[in-house]
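Take a look at the letters that make up each chain.
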Amino acid sequence: MDLRIFTEPQQGASYDTLLTVAKATEDLGFDAFFRSDHYLRMGSVDGLPGPTDAWITLAGLARETKRIRLGTLMTAGTFRLPGVLAIQVAQVDQMSGGRVELGLGAGWFEEEHKAYGIPFPKEKFARLEEQLAVVTGLWATEVGETFSYDGTYYQLTDSPALPKPAQRKVPVLIGGHGATRTPRLTAQYADEFNIPFASVEDTERQFGRVRAAAEKEGRAADDLVYSNALVVCVGKDDAEVARRAAALGREVEELKANGLAGSPAEVVDKIGRYAAVGSSRIYLQMMDLDDLDHLELISSQVQSQLI
């Protein structure tokens, strides 16, 4: 089971804070550092000092880390034109020496679009499908050849399809709970399917849909990586679990029901339940980015039992 650290910087984090967490992620042996792609805080937090851009952040981290994978859950398709996004991700991949992964979603948070003057189209999912075709098509075009695309929303003519990523193929992640279109797009374009904040039962059901879609597409279902994103709240005793839950503004029992919470043994046991239905990777949503002791505890008492 791979454990990856997943952050939500829109809730309030500077680049320096993210760099500190990313370096701890690397030093403590986790597989990757991922971040959300949002420009507006959610809930009652003040969000200070304000948003950071996902791909600018990852570009900086690409030069400051050496081993960990870097990526997004999920880049909002509404934020960037697909040709520009392909350039950005390829450049950051080069800067990292080939450690980047692209999670790409349709975008959903209308308020942040209003707050920063970003268009929020109605037909977001159809646009996402074209974006995936363009981004992957640009990367797959051989050097010296050109790429053209004539879609409903995006048109490219004789693009040189440069630059190329350092990796032969940047892994693409698609995720969500959709029963039909999401599995189909995953089967067509993705290397990994991620289901966020889902129960073991819902995870098993959605993984089954994706596996069926992959086989319908002519792919082996096991070609894909299947993963979860879950909030994490671990403590060495009940008091520490309660303290960390309070810092998140949530109740312990609710976190145990809907995430990975409790003692290291409890969390290892629940991770095993996800593994039993096909998950091989979990993105641990870390909300308190100042609590580096939490990361150390997970590394020493949870991750050590999953190797």
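Reading guide: rules and limits
- Residues numbered from 1 in each chain as written.
- Predicted model: local features only at pLDDT ≥ 70, side-chain atom pairs only at ≥ 80, totals over all residues.
- Heavy atoms only, no water.
- Buried < 20%, exposed > 50% of the residue type's maximum accessible area, 1.4 Å probe, protein only.
- Helix = DSSP H or I, 4+ residues; strand = E, 2+ residues; numbered from the N terminus.
- Pairing = 2+ DSSP bridges.
- Right-handed = clockwise from strand over helix to strand, strands pointing away.
- Salt bridge = Lys/Arg side-chain N within 4 Å of Asp/Glu carboxyl O.
- Polar contact = N/O pair within 3.5 Å; in protein donor to acceptor, adjacent residues only side chain to side chain.
- Contact = heavy atoms within 4.5 Å.

The next thing to look at is the pairing of strand 3 (residues 69-72). Every second residue of strand 3 is oriented toward a common face, with Arg69 and Gly71 on one face and Leu70 and Thr72 on the other, all of them buried. Taken together, the four bridges between strand 2 (residues 32-35) and strand 3 define a ladder with parallel strand orientation. Within strand 3, the position partnered with arginine 35 by the bridge is threonine 72. Handedness of the crossover joining strand 2 and strand 3 through helix 2 (residues 54-64): right-handed. As judged from the two bridges shared by strand 3 and strand 5 (residues 100-105), these two strands associate in the parallel manner. Note that in strand 5 the partner of leucine 70 across the bridge is valine 100.

What follows covers the pattern of salt bridges. Under the defined criterion, the tally for this structure stands at 20 salt bridges. Between aspartate 37 and arginine 80 there is a salt bridge; the shortest N-O distance is 2.9 Å. Pair noted here: aspartate 37 is in the loop between strand 2 and helix 2 and arginine 80 is in the loop between strand 4 (75-76) and helix 3 (82-96), with a separation of 43 residues, a long-range link. The exposure class assigned to aspartate 37 is buried, which follows from its relative accessible area of 1%.

With that out of the way, let us pick up the side chain of glutamine 131. Tracing the sequence through the fold places glutamine 131 in helix 5 (residues 124-140). With a relative accessible area of 4%, glutamine 131 lands in the buried category. Among the polar contacts listed, one links the side chain of glutamine 131 to the side chain of tyrosine 154, at a separation of 3.1 Å. Setting aside residues no more than four positions away along its own chain, glutamine 131 makes contact with Gly77, Thr78, Arg80, Pro82, Leu104 and Tyr154.

Turning our attention to the pairing of strand 5. When you tally the buried positions in strand 5, you get six out of six residues, the bulk of the element. Of the two faces of strand 5, the one lined by Val100, Leu102 and Leu104 and the one lined by Glu101, Gly103 and Gly105 are each fully buried. Strand direction decides the pairing type here: strand 4 and strand 5, joined by two bridges, are parallel. Bridge assignment links alanine 76 to a residue of strand 5, and that residue is glycine 105. As judged from the two bridges shared by strand 5 and strand 8 (residues 172-175), these two strands associate in the parallel manner. Bridge pairing links leucine 102 to valine 172 in strand 8.

Here we take up unusual backbone geometry. Proline 49 follows leucine 48 through a cis peptide bond whose omega is 10°. Mapped onto the secondary structure, proline 49 falls in the loop between strand 2 and helix 2. The linkage connecting leucine 162 with the following residue, proline 163, adopts the cis geometry, with an omega of 0°. Topologically, proline 163 is positioned in the loop between strand 7 (155-159) and strand 8. Even without being glycine, alanine 161 reaches a positive phi, approximately 55°. Turning to its location among the elements, alanine 161 is positioned in the loop between strand 7 and strand 8. Notably, phenylalanine 197 is not glycine yet its phi reads approximately 55°, a positive angle. If you trace the backbone, phenylalanine 197 turns up in the loop between strand 9 (192-196) and helix 7 (200-216). On the basis of relative accessibility, which here comes to 41%, the residue phenylalanine 197 falls in the partly exposed class.

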